[in-house]
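Overview (structure and organization)
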Amino acid sequence: MNKDSQMRAAINQKLIEMGERERLKELLRAKLVECGWKDQMKAQCKDVIREKGLEHVTVEDLVVEITPKGRALVPDSVKKELLQRIRASLAQHSTL
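One structure accompanies this document, and this report is about it. (Residues numbered from 1 in each chain as written. Predicted model: local features only at pLDDT ≥ 70, side-chain atom pairs only at ≥ 80, totals over all residues. Heavy atoms only, no water.)

Here we look at the overall build of the protein
When its secondary structure is counted, the protein shows five helices and zero strands. Across the protein, helices and strands are ordered from the amino to the carboxyl terminus as α-α-α-α-α. Here the C-alpha radius of gyration of the protein, 17 Å, is well above what a compact globule of 96 residues would show, namely 12 Å. Over its C-alpha atoms, taken along the principal directions, the protein stretches across nearly 55 × 35 × 20 Å. Relative to its 96 residues, the protein shows a buried fraction of 21%. A sequence separation of at least 24 residues applies to 69% of the contacts in the protein between residues at least 6 apart. On the protein, the mean spot of the 19 positive side-chain charges and the mean spot of the 15 negative ones are 5 Å from each other. (Helix = DSSP H or I, 4+ residues; strand = E, 2+ residues; numbered from the N terminus. Rg over C-alpha atoms; globule rule 2.2 N^0.38 Å. Buried < 20%, exposed > 50% of the residue type's maximum accessible area, 1.4 Å probe, protein only. Contact = heavy atoms within 4.5 Å. Lys, Arg positive; Asp, Glu negative; His and termini not counted. Charge placed at Lys NZ, Arg CZ, Asp CG, Glu CD.)

In structure tokens:
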């Protein structure tokens with residue numbers, strides 16, 4: 001595991017221990033719905049299914065095809081807010 005992966009794993013573990021990970025996931029879900037991301041992803045899935053045919057598409061196919069698009073469509077403002085919340089949570093916890 002490289003240093004970046006180790007750091008991510010450590011941060012993830014700390015957020016889980018603090019109980020903050022679930023709160024952050026709920027915040028992210030709400031923000032993605034609010035900005036229309038969820039509807040965009042739903043439309044992307046429908047387009048892929050229409051294009052390939054329902055019988056020829058698996059859930060795994062959908063995930064592989066729309067994941068890069070989904071990541072690219074997350075607004076920068078949502079990414080920044082989530083990152084700020086993570087930093088604030090970790091900073092608050094480290095000072096206790």
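There's more to say after this.
Thoughts on the nonpolar core
The biggest cluster of nonpolar side chains holds ten residues, and these are Leu-32, Trp-37, Met-41, Cys-45, Val-48, Val-57, Leu-62, Ile-66, Val-74 and Val-78. For this core, the secondary structure elements donating two or more residues are helix H3 (37-52) and helix H4 (59-73). Here the element with the most residues in this core is H3; it accounts for four residues. Setting aside residues up to four positions removed in sequence, Leu-32 forms contacts with Trp-37, Lys-38, Val-74 and Val-78. If you look at the next biggest cluster of nonpolar residues, it comprises five residues, including Leu-15, Met-18, Leu-24 and Leu-27. (Core = buried A, V, L, I, M, F, W, Y, C linked by side-chain atoms within 4.5 Å.)

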